[in-house]
Amino acid sequence: MGDWSVLISIGLLGVAYGMVLYLISVGLSITMGLMGFVNLAHGVFAMAGGYVTVTLMNKYGVPFFAALAGAFVVAAVLGLVLERTLYARLYGTSDFDQVLFSIGLIFVSIAVVRHFWGPLTQPMRVPAYLKGVIPVLGRDFPSYRLFLIGFSIATIAVLWVTLEHSRFGAMIRAAVDNRRMAQSLGVNTSRLFAQTFALGSGLAGLGGGLGADILVIAPGYPIQYILYFMIVVILGGLGTIRGPFLAALLLGIADTACRYFWPEAGAVFIFILVFVILYFRPQGLLHRGRA
Amino acid sequence: MSALEHFSAPPRSLLARLLYGVRPWEALPWLAAIVAFFLFPGYVPIFGQILIMTLFALSLDIVVGYCGIVTLGHAAYYGTGAYTAGLLAVHGWSEPISNAAFAMAMAALVGFVTGAVILRAHGFITVMLTLAVTVTLYEVANHTGRWTGGDDGLRGIDMAPVLGRFEFDIYGDTAFFYALAALFLSFVVVRLLVNSPFGWSLKGIRENIGRMHAIGCPVYRRLLQAYTIAAALAGLAGALQAQTTQYVALRALSFDLSGDVLVMLIIGGIGRLYGAFIGVPVYILAQDRLASEDPANWYFWMGILLIVIVLFARGGMLALAARLWDRRRSDA
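Residues numbered from 1 in each chain as written. Chains lettered and ligands numbered in written order. Predicted model: local features only at pLDDT ≥ 70, side-chain atom pairs only at ≥ 80, totals over all residues.

Points about the overall build of chain A
A tally of helices and strands in chain A yields 12 helices and 2 strands. Taken over C-alpha atoms, the radius of gyration comes to 19 Å for chain A, in line with the 19 Å a tight globule of 291 residues would show. Seen through its C-alpha atoms, chain A measures out along the principal axes to roughly 60 × 50 × 35 Å. Counting only residues that meet the buried cut, chain A has 48% of its 291 residues in that class. Considering only intrachain contacts with a sequence separation of at least 6, the fraction spanning at least 24 residues in chain A is 78%. (Helix = DSSP H or I, 4+ residues; strand = E, 2+ residues; numbered from the N terminus. Rg over C-alpha atoms; globule rule 2.2 N^0.38 Å. Buried ≥ 20, exposed ≤ 12 C-beta atoms within 10 Å, placed from the backbone. Contact = placed C-beta atoms within 7 Å.)

So, in structure tokens, the structure goes:
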């Protein structure tokens, strides 16, 4: 006790973890708020980004940043194609159909990934210039995690500015608040949905690639981490971009602290906490708009 | 269905509820089970598994088909039943029927407590909570390996003979009839329930929850009661599984199992009680044939099948059959 550099270390690791969770989940929050689609398969896009990143780097020697860009593009295109061909047919159907569809998509993605990459986890090889440690307040801290925090903050800043100050962002916010009204004002909502879905999927892919050493890339990915993505969205509130940021940081830090101080409990503590929160706030912690 | 049904009341006597709308073909699954037992002795252990999973899927049908709740965590109650039965047996309580009854009670208790939270939420938050329950119990079982065997599963279950006479044998004959009896009794209970005023209020909640609130139906309490009953039946299925295979795998509490049983029910069709009787045998027999060679491909085709069902065949095989039947009749 008293050694509070441990706390700093946990805090920094937790923030890095939270950043990854946020990048992956923010798209889910927006698309769920916008289209009301229960997309349990969102992790598939993050997994796609992860596989693209590690494969480009490990197998084809593509530089790190180019691989990340590749992850974003591939996941976005995948999202766009699936949205136009499949998701769009299911808008407005019951939660049940959407959940079933998501599970189907998860099954297919797991089988495809296992077929081409095998069942083992894909190692993330951090580029040499991001290896090693940097001393932070008397503790050695992995420089890749620090880079991760910085890179995420930059990405998130771009995202927030885009959504707050561009025409595209204004249309999204209008459609989240009142889709019919936005539509009658001339917003092409179906195109907006496709664009937003692609953006959300691309960000998930970027998060999946960036966080490949935190959320390990393996075929079980979409199932293993789905609860974390959902928790971020639920606690943060649907259709917002700031709520999930707070929720992701909280979850990242709490989960890291939990695993450090009470490793044998695993993730149980977090789930019980979420249970208690949702018992008192069934609409989420920072509820806004329609659920 | 005739318009008259909307105005009629549920049948009054127990016998009338049991026989309400009964059709001759409803004897088919039970006859098929008996015939299959005598025709394919080598498959009897698998048939026993099918019966147990059918019971599990039937309990899921109460939650999904009658309460209209989307759940990805029904394995939580199955696993609770399985681990309770298994742990009791390991510590000496090996009389099967009382053992299963206790396991049912435990599953009902867990169902009641978790259901109280789950049913308060709406939409996809419900889905997430059901998932969280299963994952939490899975982690608990995984991290208390001293008692549960953790990843290796729970071994050393040794059951006494059923009713003091019928030993569980390696051919699975006892297990088959034991599971068949349990499934039949459970089915009778479920049939009584869905045709009682209680069952009708559940259907009302599923069809129009706002109106049920308006006519003074205690919606939350009804749903919680149904959820608890479903959990108890799932627990019974888990207990049967533990008793007949004398082993509980950690998978009993997993998301995978929740997903599998949901798929089985969907294939058959939800909200019809008989969906489980169609979907489970189809799924398990197909899996037995196809998946042993290539499990990854199995999940690929399962996924495709789910997407196709959602896009083109809502309601599963029974609904598809009903639609074809209606068309044929209207053509005639």
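Focus on the overall build of chain B
Looking only at helices and strands, chain B has 15 helices and 0 strands in total. A compact globule built from 332 residues would reach a C-alpha radius of gyration of about 20 Å, and chain B, at 20 Å, matches this within 12%. Taken along the three principal axes of its C-alpha coordinates, chain B extends 55 × 45 × 45 Å. With 332 residues in all, chain B has 46% of them scored as buried. Long-range contacts, defined as pairs at least 24 residues apart, comprise 78% of the intrachain contacts of chain B with a sequence gap of at least 6.

Remarks on the interface of chain B and chain A
Buried accessible area, meaning the area lost when the parts come together, often serves as the stated size of an interface. On the chain A side, the residues contacting the 33 residues of chain B number 36 residues. Breaking the side of chain B that touches chain A down by element, the ones donating at least two residues are helix H6 (124-143), helix H12 (255-268) and helix H14 (295-312) of chain B. With 12 residues, the single largest contributor to the side of chain B that touches chain A is H6 of chain B. Of the residues assigned to the side of chain B that touches chain A, the class counts are 23 nonpolar, 7 polar and 3 charged. (Nonpolar A, V, L, I, M, F, W, Y, C, P; charged D, E, K, R; others polar.)

Concerning the packing of helix H3 (residues 44-66) of chain B against helix H13 (residues 275-290) of chain B
The relative placement of two packed helices comes down to the angle between their axes together with the axis-to-axis distance. Residues and elements named next belong to chain B. Following both chains from N to C, one finds H3 and H13 inclined at 135°, their axes separated by 8 Å at the closest point. Between H3 and H13, the crossing angle belongs to the class labelled oblique. Every pair of crossing elements has a handedness; the one defined by H3 and H13 is right-handed. For the pair H3 and H13, contact is made by Ile-46, Gln-49, Ile-50, Met-53, Thr-54, Ala-57, Leu-58 and Asp-61 and by Gly-275, Ala-276, Phe-277, Gly-279, Val-280, Pro-281, Ile-284 and Asp-288, respectively. A class-by-class count of the residues in the contact of H3 with H13 yields 10 nonpolar, 4 polar and 2 charged. (Axes fitted to C-alpha atoms, helices over the stretch in contact; angles between N-to-C directions. Parallel < 35°, antiparallel > 145°, perpendicular 65-115°, else oblique. Left-handed = near helix turned anticlockwise from the far one by under 90°.)

Section: unusual backbone geometry
Residue and element names in this part refer to chain B. At Gln-246, a residue that is not glycine, the phi angle is positive and equals roughly 55°. Its place among the elements puts Gln-246 in the loop between helix H11 (219-245) and H12. Positive phi outside glycine occurs at Leu-273, with the angle close to 65°. Relative to the assigned elements, Leu-273 resides in the loop between H12 and H13. With 20 C-beta atoms packed within 10 Å, Leu-273 lands in the buried category.

A closer look at the confidence of the model for chain A
In this model, chain A carries a mean pLDDT of 85, and residues with pLDDT of at least 70 account for 95%. No element of chain A has a lower mean pLDDT than helix H12 (residues 268-280) of chain A, at 77, and none a higher one than helix H3 (residues 64-85) of chain A, at 94. (pLDDT = per-residue confidence, 0-100.)

Notes on H3 of chain B
Residues and elements named next belong to chain B. Its 23 residues give H3 an end-to-end C-alpha distance of 31 Å, which sits within 8% of 33 Å, the value for a rise of 1.5 Å per residue. The largest bend along H3 reaches roughly 30° and is located at Leu-60. Among the 23 residues of H3, 20 are classified as buried, and the element is accordingly described as predominantly covered. Once H3 ends, the next one or two residues include Gly-68, with phi positive near 70°. (Expected span 1.5 Å × (residues − 1). Bend = angle between axes of the 7 residues up to and from the residue.)

Let's talk about the pairing of strand S2 (residues 139-142) of chain A
Residues and elements named next belong to chain A. Pairing analysis gives 4 bridges linking strand S1 (residues 133-136) to S2, with the strands arranged antiparallel. Within S2, the position partnered with Val-136 by the bridge is Arg-139. Connecting the antiparallel pair S1 and S2 is a turn made up of 2 residues, with Leu-137 showing a positive phi of about 50°. (Pairing = 2+ DSSP bridges.)

Observations concerning the packing of helix H5 (residues 143-165) of chain A against helix H6 (residues 167-177) of chain A
Residue and element names in this part refer to chain A. Closest axis-to-axis distance for the H5/H6 pair is 5 Å, and the angle between their directions is 75°. With respect to their mutual orientation, H5 and H6 come out roughly perpendicular. The segment H5 lies against H6, with Thr-162, Leu-163, Glu-164 and His-165 engaging Phe-168, Gly-169 and Ile-172. Taken together, the residues of the contact of H5 with H6 break down into 3 nonpolar, 3 polar and 1 charged.

Focus on the environment of Ile-217 of chain A
Residue and element names in this part refer to chain A. Secondary-structure assignment places Ile-217 in the loop between helix H8 (189-210) and helix H9 (221-224). On the basis of neighbour counts, which here come to 26 C-beta atoms within 10 Å, the residue Ile-217 falls in the buried class. In this structure the C-alpha to C-alpha distance between Ile-217 and Met-47, which are 170 residues apart in sequence, comes to 6.7 Å.

Structural notes on the environment of Thr-84 of chain B
Residues and elements named next belong to chain B. Take Thr-84: it is sitting in helix H4 (residues 75-90). Overall, the presence of 25 C-beta atoms within 10 Å leaves Thr-84 in the buried class. Measuring from C-alpha to C-alpha, the distance between Thr-84 and Thr-148 comes to 9.9 Å, with 64 residues separating the pair along the chain. Discounting residues that sit within four places of it in the chain, Thr-84 has contacts with Phe-102, Ala-103, Met-106 and Ala-239.

So, the confidence of the model for chain B
All names here are of chain B. Predicted confidence across chain B gives a mean pLDDT of 84, with 94% of residues reaching 70 or more. Of all secondary-structure elements in chain B, the lowest mean pLDDT belongs to helix H15 (residues 316-331), at 71, while H11 reaches the highest, 93. Two numbers describe this predicted complex: its pTM, 0.86, and its ipTM, 0.83.

What to know about H11 of chain B
Residue and element names in this part refer to chain B. Between its first and last C-alpha atoms H11 spans 39 Å; for 27 residues at 1.5 Å apiece the expected length is 39 Å, and the two agree. In terms of residue burial, H11 counts as a mostly covered element, since 20 of its 27 residues are buried. Two residues or fewer after H11 comes Gln-246, characterised by a positive phi angle close to 55°.

A word on the environment of Gly-36 of chain A
All names here are of chain A. Structurally, Gly-36 is set in the loop between helix H1 (5-35) and helix H2 (42-60). Gly-36 gets classed as partly exposed once you count the C-beta atoms within 10 Å, which come to 18. Here the alpha-carbon distance between Gly-36 and Phe-72, two residues 36 residues apart in the chain, equals 24 Å.

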